[in-house]
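One letter stands for each residue in the lines below.
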Amino acid sequence: MAVSPRVFPPRKRWPSTGSSISPKFADLNLVKSLLSLSQEISALKPLQCLLIQKSLSTINKSKLLAIVFEELLRNPVSTSFSPSILLCFEEMYIVFQRIKTLMEDCCSGSKMWLLMRIQPLANSFHELTLELSTLLDIFPVNELDLSQDVEELFVLVRKHCSQSKPSVDPRDDSLRRDVLALLHQIKKEIVPHHLTLKQILDNLGLRDQSSCREEIECLQDEIQNQIDEKSKLDIASLIGLLRYAKCVLFGSSTTQLEPDHRRRNSLSEIAVPADFRCPISLELMRDPVVVASGQTYDRESINQWIESGHNTCPKTGQTLAHTNLIPNRALRNLIAMWCRQQRVPFETVGSNEKVSGVKATKAAFEATKMTVYFLVNELSVSPSMEAANAVTYELRSLAKTDSDSRACIAEAGAIPILVRCLGSGVGSEHPNLQVNAVTTILNLSILEANKTRIMETDGALNGVIDVLRFGATWEAKGNAAATIFSLSGVHTYRKRLGRKTRVIKGLMDLTKDGPTNSKRDALVTILNLAGDRETVGRLVEGGVIETVIGVINVLPEEAVTILEAVVKRGGLAAIAEAYNSIKKLGVILREGSDTARESAAASLVTICRKGGLEVVAKLAAVPSIERIIWEVMGTGTTRARRKAAVLLRILRRWSAGLDTNDVVDSSVMSVGTLTTMLPA
């Protein structure tokens, strides 16, 4: 199969500053720089597996030229060089910089991608060698006072450079064609032979689970380095092939659970910037959109809000002139960049398109299917819990990658098998298996179609709820809560989940007793369930207000946002429960973040409006409350300033002895007046 050498263009590479600029060194300082640079190249190890001869030859030439430069520095006579010698030295410096960059590029990247670029890289080595050969040919070596031995070395290097050829090692070229043939075979849905896979990976030095995982991570990083769309697609195909080969040849392993500085993070492990969180779900926005009021929300959350019959902006309360959603591409790009820096997987919900813009190729998709069906079959016949745990972890990792993988795993029948691993018996004896099983279901639930599959699979929902209530570890409980959050993204499922007392009880217990990450998972889920008015009543009965007040010092933004939602939709029972929270809301109003202060102000307005004079009196008793409200009016968000103005008007009318109805009825009308009183 004939393939053009330029099928796989080289990746985007940031050259070093000195690689194209002549150094402005004088005489011996220039020679010192050349010696240092040649020694750096000489210290590099030859490439392993690929381009061995090219890299070894380049390193050897650098070592010989380093001897020449050392000789020049040892000879005190040569303290001044002619313009022609200096010009050659300057050009050599540039060539050496480019050689070093090329060598480092080849050493640090993916071996499979290096193989795919073998021809253009071999050409690059050849071109640099020819440039060096030209400089050595015109170099006036007779003007230098070199010893005979060193001069002979110089001539030897010049001769070797002139003999350079732009050829690729036949072994490297054959290996490259084997990989391309394998991808073509997978594209036609033909399962590769194990021996062929093993031979290719052996030749690339990929002989175990660990080396394969590192290679997959290198390929994932390479996608971000590409400027050519076709190269991104080709790398995606290589990743699919390597994942399949890793599972088939080396089995499944959970060694990735050990700490690793290259490991990709999960959102529960890092602090997400407030501007990147959806004001409704408090989750990282995947597809930020702007509504008519100018506020930004995650598309899925605001769609659910609008489809529930609301025609107002959730943050501002402003009536929306229209319900068109405008993509906030600038913010999405910022979120994507942040995710790459934090090594957090980022994918547009409900799409097969990743943040890098790479869609699955036919070869990548078929490789994913082969991997999934192999793993699901292994899980169904696993001879032991240890083996099942290893396979489940592989499915967990795969389900985190993209929508194609999630769809394939569900279609292969994995969900009913995973449900068997959720029971308390499994959790007590093999807690890691329970964690991996519930986390796999969580990852699968990200795909919209899989939410229905999970809800309709016999025992799946009850299994997740059991893990939430009685899971063997906090991680299992937290991921069960996150699964319920994901499933509650569908309105009908939200109502169904909100009717289950076990769900509410489990979330409350997790909020009270769990570690911070698990508390956050539970609170975000509670907030989502609170979008349904019927569920709010059950949450209030279950003690949600007392619970969130108990964690308000630990997770103030989440707690106050829930409190706002509950008191807004929970009626007089919620207001009565919230009475004892007024002082804490006053503290948040003074010390909280912009988002927390906004929700605290909104909550206090609702409580005061519905709670009567006794509630307002308690708010008035908070030390320096008017000064705090004035500060919010001056420095808070637009909505916070408006709510603070309402609060101030309520307090002023209360102090004037007006009754509750007057406070309630006139507070809204006075917002415009009070905002004009803000200090300049």
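Analysis parameters
- Residues numbered from 1 in each chain as written.
- Predicted model: local features only at pLDDT ≥ 70, side-chain atom pairs only at ≥ 80, totals over all residues.
- Heavy atoms only, no water.
- UniProt positions renumbered as here; feature names shortened; annotations may be inferred.
- Salt bridge = Lys/Arg side-chain N within 4 Å of Asp/Glu carboxyl O.
- Helix = DSSP H or I, 4+ residues; strand = E, 2+ residues; numbered from the N terminus.
- Phe/Tyr/Trp six-rings, centres within 6.5 Å; stacked < 30°, edge-to-face > 60°.
- Buried < 20%, exposed > 50% of the residue type's maximum accessible area, 1.4 Å probe, protein only.
- Pairing = 2+ DSSP bridges.
- Contact = heavy atoms within 4.5 Å.
- Axes fitted to C-alpha atoms, helices over the stretch in contact; angles between N-to-C directions.
- Parallel < 35°, antiparallel > 145°, perpendicular 65-115°, else oblique.
- Left-handed = near helix turned anticlockwise from the far one by under 90°.
- Core = buried A, V, L, I, M, F, W, Y, C linked by side-chain atoms within 4.5 Å.
- pLDDT = per-residue confidence, 0-100.

Per an unreviewed UniProt entry, the protein chain goes by the name RING-type E3 ubiquitin transferase and belongs to Gossypium gossypioides. UniProt annotates the protein chain under Pathway (unreviewed entry) with the comment "Protein modification; protein ubiquitination." The Catalytic activity (unreviewed entry) comment attached to the protein chain in UniProt states, word for word, "S-ubiquitinyl-[E2 ubiquitin-conjugating enzyme]-L-cysteine + [acceptor protein]-L-lysine = [E2 ubiquitin-conjugating enzyme]-L-cysteine + N(6)-ubiquitinyl-[acceptor protein]-L-lysine."

(A) Quick peek at the pattern of salt bridges. Per the stated rule, a full pass over the model turns up 28 salt bridges. Several salt bridges converge on common partners, so that one network encompasses Lys495, Arg499, Asp532, Glu534 and Arg538.

(B) Region of interest: the UniProt feature "coiled-coil region" (unreviewed entry) in the protein chain. In this numbering, the UniProt entry assigns the feature "coiled-coil region" (unreviewed entry) to residues 209-236. Between the end C-alpha atoms of residues 209-236 there is a gap of 19 Å, over a span that is 86% helix and 0% strand.

(C) Focus on the packing of aromatic side chains. For the structure on display, the rule yields five aromatic pairs. Taken together, a centroid distance of 6.3 Å and an interplanar angle of 75 degrees make the contact between Phe69 and Phe96 edge-to-face. You can see Phe69 sitting in helix α2 (residues 52-74) and its partner Phe96 sitting in helix α3 (residues 83-108), a full 27 residues away along the chain. Here Phe69 and Phe96 have matching classes, each one buried.

(D) Just the sheet that holds strand β2 (residues 296-298), in detail. With antiparallel pairing, the three strands of this open sheet are ordered in space as β2-β1-β3. Two strands in the sheet have a free side with no partner beyond their single neighbour: β2 and β3 (326-327). Sheet strands touched by helix α11 (residues 299-307): β1 (288-290), β2 and β3. Its angle to β2, the strand with the most contacts, is close to 95 degrees.

(E) View of the side chain of Asn450. Note on placement: Asn450 falls in helix α19 (residues 448-456). By relative accessible area, which is 0% here, Asn450 ends up buried. Those residues in contact with Asn450 that lie beyond four places of it in its chain are Arg406, Ala407, Ala410, Leu444 and Ser445.

(F) Examining the packing of helix α32 (residues 625-635) against helix α33 (residues 638-655) more closely. Contact geometry of α32 with α33 gives a least axis separation of 8 Å together with a crossing angle of 150 degrees. Relative to α33, the element α32 is oriented roughly antiparallel. As for how α32 packs across α33, the hand of that crossing is left-handed. Mapping the contact onto sequence places Ile625, Glu626, Ile629, Trp630, Val632 and Met633 in α32 and Ala640, Arg641, Ala644, Ala645, Leu647, Leu648, Leu651 and Arg652 in α33.

(G) Looking closely at the nonpolar core. Counting 104 residues, the largest nonpolar core has Val544, Leu589 and Ile629 as its most contacted members. Top contributing element to this core by residue count: α33, with eight residues. Each residue touching Ile629, except ones within four places of it in the same chain, is listed here: Leu589, Ala644, Leu647, Leu648 and Leu651. Of all hydrophobic cores here, the second largest spans 75 residues; its members include Ile85, Phe89, Trp113 and Ile186.

(H) Expanded view of the packing of helix α7 (residues 170-187) against helix α8 (residues 194-203). At a minimum axis separation of 11 Å, α7 and α8 run at an interaxial angle of 140 degrees. The angle between the axes of α7 and α8 places the two elements in the oblique class. Like other packed secondary-structure pairs, α7 and α8 cross with a definite hand, here left-handed. Residues Arg171, Leu175, Asp178, Val179 and Leu182 of α7 form the contact with α8, whose participating residues are Thr196, Leu197, Ile200 and Asn203.

(I) Representation of the confidence of the model for the protein chain within the structure. For the protein chain, mean pLDDT is 83; residues scoring 70 or higher make up 87% of the total. Per-residue pLDDT stays below 50 along residues 256-265; that stretch engages in 21 contacts with residues further than four places along the chain or on separate chains. Residue range residues 663-680 is modelled with pLDDT below 50. Its contacts to residues more than four positions away, or to other chains, number 26 contacts.

(J) A look at unusual backbone geometry. Look at Leu51: it is not a glycine, yet its phi comes out positive at around 50 degrees. Along the polypeptide, Leu51 turns up in the loop between α1 (28-43) and α2. Leu51 sits in the buried class, given a relative accessible area of 4%. Positive phi, normally seen in glycine, also occurs at Glu189, with a value near 65 degrees. Relative to the helices and strands, Glu189 is located in the loop between α7 and α8. Of the residues examined, Glu189 reaches a relative accessible area of 48% and is grouped as partly exposed.

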